[in-house]
Amino acid sequence: MVDVLLGLQWGDEGKGKIVDVLAGNYDIIARFQGGANAGHTLVIDGKKHVLHTIPSGIFHPDIINVIGNGVVIDPVSLKKEIDGLADFNIDFKKRLLISRKAHVTLPTHRLIDAASETAKGKAKIGSTLKGIGPTYMDKAGRNGFRIGDFELPGWKDKYRALVDKHLKLLDCINVDIQFDLDELEAEFFNSIDTLKKLKFIDGEIYFNKALKDGKKILAEGAQGSLLDINFGTYPYVTSSTTTAAGVSIGLGIPPKQIGKVSGVFKAYTTRVGSGPFPTELFDETGQLMAKKGHEFGATTGRPRRCGWLDLVALKYTVDINGVTELMMMKSDVLSGFEQIKAATSYKYFDQEIQHFPFNIDEGNVQPVYTDFKSWQADLTGVTKKEQLPKTLMQYIAYIEEYISVPVKIVSVGPDRKQTIELKA
Ligand code: GDP
Ligand code: IMO
Ligand code: MG
């Protein structure tokens, strides 16, 4: 079986931390979509590590980490990530496998990302500028460059043809983007040497054999379901299928092999980049969440927008993913607030609705809140569920009833150890 762990909000829910915590139960951890736009933070013995393309099982010595075909790989970013882990004696050759069918982000994809965003002006997506949209555009447009191409003679011609096309496209977009192509290419070609030291596999064959051999696989989501290309707050989304259905196409395993689907959410909500966010707070409460939660993007360092938990949106993403268990993160951040709120319906053009509507523009959706009693105690030292405040347990019980899915894990701090299992 392949279990899935993914984010239910707009990303940064704490996926990396939980994958690292659960990794010991699995033989293989696999990324199925996204690319260097992801920033997954792991805190091990007080030391922080941020992963972008490498799956979050890399710090466990016996676990194989696979980058699946649905991921887009920027060799420059991957090299930096690998170099950054030099002190850990990780045998990347054995422990980090890459699907030949994964697409490659070229330096010019990053340039097109920057140019497109500049051209959009105020309507920009707020992209991480990692070239994600343009790489998936070339994939869907059947122009893409894949990891397996590096093994074929003449790959440089293929690379050059694509770069030439990109340069023409940049001319058409016609905004002033400063770049030194020679420098970008030197960095790119240098990173290919590191990439080629890793093992390339036919991921779909590898996974199906692993399943026949009884191996346990955990698929690690990147971004969040509200950033999904089909079901997110389009066009303010990323360019991949971040939802559970993406596991099948992003790894090459049959849908019937999917077992548990764990949905990770914060006890409140954050969003980085542009786009609608019904429960966003613009007041001191929002600022306090940002400050206590250290809400800055792990990839770009941008401040994250903050607001109350949105149960209407959460129910929507739970349904789309078929979530079987929930994991609530950053409960410690809400300690000490006067009152806790969660949106339980929306006022939508003078109607009260409980579904996530097609059109969420500023002003047409107002959250209708339910109030909850707060908890004051510092949770960061809590180690047993019995020590959790009653009011926090009431908040959890309400969420479970609203969503009809159990909350299995409560996280009370960034460290591996600050994780409390509510249900076995
Ligand atoms: P991801 O992209 O879903 O892996 O999440 P990020 O790593 O981008 O953002 C989550 C942030 O919250 C990171 O800085 C984590 O170290 C931190 N974090 C995770 N769980 C908790 C928690 O329970 N409490 C607190 N205070 N921080 C947490
Ligand atoms: P993890 O895996 C939060 C957001 C960007 C932007 C939009 C499109 O760490 O949860 P893109 O670079 O894909 O073109 O950006 O999506 N975004 C994320 N927000 N966490 C992420 O990943 C994100 N990856 C992309 O801010 O609004
Ligand atoms: Mg993140």
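Residues numbered from 1 in each chain as written. Chains lettered and ligands numbered in written order. Predicted model: local features only at pLDDT ≥ 70, side-chain atom pairs only at ≥ 80, totals over all residues. Heavy atoms only, no water.

(A) Broad picture of the coordination of the magnesium ion (ligand 3). For the magnesium ion (ligand 3), every protein donor is listed as D12 (OD) and G39 (O), and the spread of their distances is 2.1 to 2.2 Å. Highlighted residues: D12 in the loop between β1 (2-7) and α1 (15-22) and G39 in the loop between β2 (28-31) and β3 (40-44), separated in sequence by 27 residues. (Donors = N, O, S within 2.8 Å, 3.2 Å for Na, K, Ca; no water. Helix = DSSP H or I, 4+ residues; strand = E, 2+ residues; numbered from the N terminus.)

(B) Fine view of the sheet that holds strand β5 (residues 64-67). Strand order in the open sheet formed by 10 strands is β9-β7-β5-β2-β10-β1-β11-β15-β19-β20, and the pairing between neighbours is mixed. Both outer strands of the open sheet, β9 (199-201) and β20 (419-421), are each paired with one neighbouring strand and no more. Here the strands of the sheet are splayed against their neighbours by 25° on average, with no regard to which way each runs. Sheet topology places β1 next to strand β11 (residues 258-266); 5 bridges connect them, and they run parallel. Bridge pairing in β11 places V4 opposite V261. (Pairing = 2+ DSSP bridges. Axes fitted to C-alpha atoms, helices over the stretch in contact; angles between N-to-C directions.)

(C) Quick look at the pattern of salt bridges. A complete count under the given rule lists 23 salt bridges for this structure. Residue E204 is joined to K101 by a salt bridge in which the shortest nitrogen-to-oxygen separation is 2.5 Å. Of the two residues, E204 sits in helix α8 (residues 203-212) while K101 sits in the loop between β7 (96-99) and β8 (103-104), which places them 103 residues apart along the sequence. A salt bridge links K315 to D319; its shortest N-O distance comes to 3.8 Å. Pair noted here: K315 and D319 are both in helix α11 (residues 311-321), with a separation of 4 residues, about one helical turn. On the basis of relative accessibility, which here comes to 27%, the residue K315 falls in the partly exposed class. A residue is classified by how much of its surface remains accessible, and D319, at 52% relative accessible area, is exposed. (Salt bridge = Lys/Arg side-chain N within 4 Å of Asp/Glu carboxyl O. Buried < 20%, exposed > 50% of the residue type's maximum accessible area, 1.4 Å probe, protein only.)

(D) Inspection of helix α10 (residues 284-292) at higher detail. Buried residues of α10: G286, M289 and A290, and no others. Each buried residue of α10 sits inside an arc of 95° when the element is viewed along its axis, so together they form one side. Seen from the buried face of α10, the exposed residues on the opposite side, beyond 90 degrees, are E284, Q287 and K291. Check the buried side of α10 and you find it contacts β13 (305-307). Capping the start of α10 is the job of one residue whose side-chain oxygen sits 3.1 Å from the backbone nitrogen of T285: D283. (Arc of directions from axis to C-beta. Contact = heavy atoms within 4.5 Å. Polar contact = N/O pair within 3.5 Å; in protein donor to acceptor, adjacent residues only side chain to side chain.)

(E) Just the site of ligand 2, in detail. The local shell around ligand 2 holds 20 residues, among which K15, H40, T128, Q223 and T238 are the closest. Within the backbone of G39, one N or O atom sits 2.9 Å away from an oxygen atom of ligand 2. Between an oxygen atom of ligand 2 and a main-chain N or O atom of I125, the distance comes to 3.4 Å. Across the shell around ligand 2, the residue classes break down as 7 nonpolar, 10 polar and 3 charged. (Near = heavy atom within 4 Å. Nonpolar A, V, L, I, M, F, W, Y, C, P; charged D, E, K, R; others polar.)

(F) Structural detail: the site of ligand 1. Near ligand 1, the surroundings consist of 19 residues, among which K15, G39, T41, D332 and S411 are the closest. Expressed as a share of its isolated accessible area of 590 Å², the protein-covered part of ligand 1 is 92%. Contributions of two or more residues to the shell around ligand 1 are made by α1 and β3. In terms of residue count, the dominant contributor to the shell around ligand 1 is α1 (3 residues). Looking at the shell around ligand 1 residue by residue, the classes come out as 5 nonpolar, 7 polar and 7 charged. (Areas by Shrake-Rupley, 256 points an atom, 1.4 Å probe, with all protein chains shown as cover.)

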